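Overview (structure and organization)
Listed below, chain by chain, are the residues.
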Amino acid sequence: MPASRFQFPRRDNQLLRYFVAVVAVAIVTGLRQPLGPLLGLSVPFTLYFPAVFVAGWFGGFGPGMAATLLSGYCAKTWFFAPLGTFSLDNWPAAFRLIVFLLSGALASFLCGLLHRRSEEL
């Protein structure tokens with residue numbers, strides 16, 4: 001009788017790939033809430049980068065970008081002043097959001113290349 005080994009879920013399931021992206025962002029948002037007093041509002045995106053990398057590694061470019069956009073929305077809404085809105089009323093906040101979105105897009109692109117190459121092998 002052959003020994004059964006744990007196998008990672010198949011990555012060809014499109015719904016699973018995007019589900020991982022959403023769950024990764026939700027976990028980071030849930031962790032970020034209690035850490036708010038320690039981190040303050042100065043570094044709202046720091047914890048979201050691992051969620052973008054996980055989504056890009058597991059799902060490729062599309063899920064990585066979905067995690068990037070969702071992370072940007074969550075960080076801007078809950079961790080930028082004024083809290084609870086998505087308004088970009090000052091240039092520094094808009095600039096930080098743009099830098100995060102561009103960095104997330106680059107990370108998603110690179111993770112997408114890695115994902116595609118590993119699927120080819």
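Residue indices begin from 1 for each chain and proceed along its sequence in written order. For this predicted model, a pLDDT threshold of at least 70 governs which residues receive local features, and a threshold of 80 or more governs which side-chain atom pairs are given and counted, while totals over whole chains, interfaces and linings are taken from all residues. Side-chain measures here rest on the full set of heavy atoms in the structure, leaving out hydrogens and waters.

Side note on the overall build of the protein
What counts as a helix is a DSSP run of H or I of at least four residues, what counts as a strand is a run of E of at least two, and both are numbered from the N terminus. Of regular secondary structure, the protein possesses 4 helices and 0 strands. Along the chain direction, N to C, the helices and strands of the protein fall in the order α-α-α-α. Per-residue accessibility, obtained with a 1.4 Å probe over protein chains only, is compared with the maximum for each type, and a residue is labelled buried under 20%, exposed over 50%, and partly exposed between these values. Across the 121 residues in the protein, those meeting the buried criterion constitute 34%. Whether two residues are in contact is decided by their heavy atoms, any of which lying within 4.5 Å being enough. The long-range share in the protein, meaning contacts at least 24 apart out of those at least 6 apart in sequence, stands at 68%. What sets the accessible areas is the Shrake-Rupley method with a 1.4 Å probe; for residues, cover comes only from the shown protein chains. Accessible area for the protein stands at about 7,600 Å²; split by element, carbon and sulfur atoms hold 72% of it.

Details of the confidence of the model for the protein
Within the protein, residue pLDDT values average 82, and 84% of them lie at 70 or more. pLDDT gives the predictor's per-residue confidence on a scale running from 0 to 100. Taken element by element, the protein is modelled with least confidence in helix H4 (residues 91-120), mean pLDDT 86, and with most confidence in helix H2 (residues 48-59), mean pLDDT 91.

Comments concerning the environment of Cys111
Position of Cys111 among the secondary structure elements: in helix H4. Among the residues examined, Cys111 registers a relative accessible area of 12% and is labelled buried. Taking the C-alpha atoms as reference, Cys111 lies 8.8 Å from Val54; in sequence the two are 57 residues apart. Residues in contact with Cys111, not counting those within four places in the same chain, are Phe53, Gly56 and Trp57.

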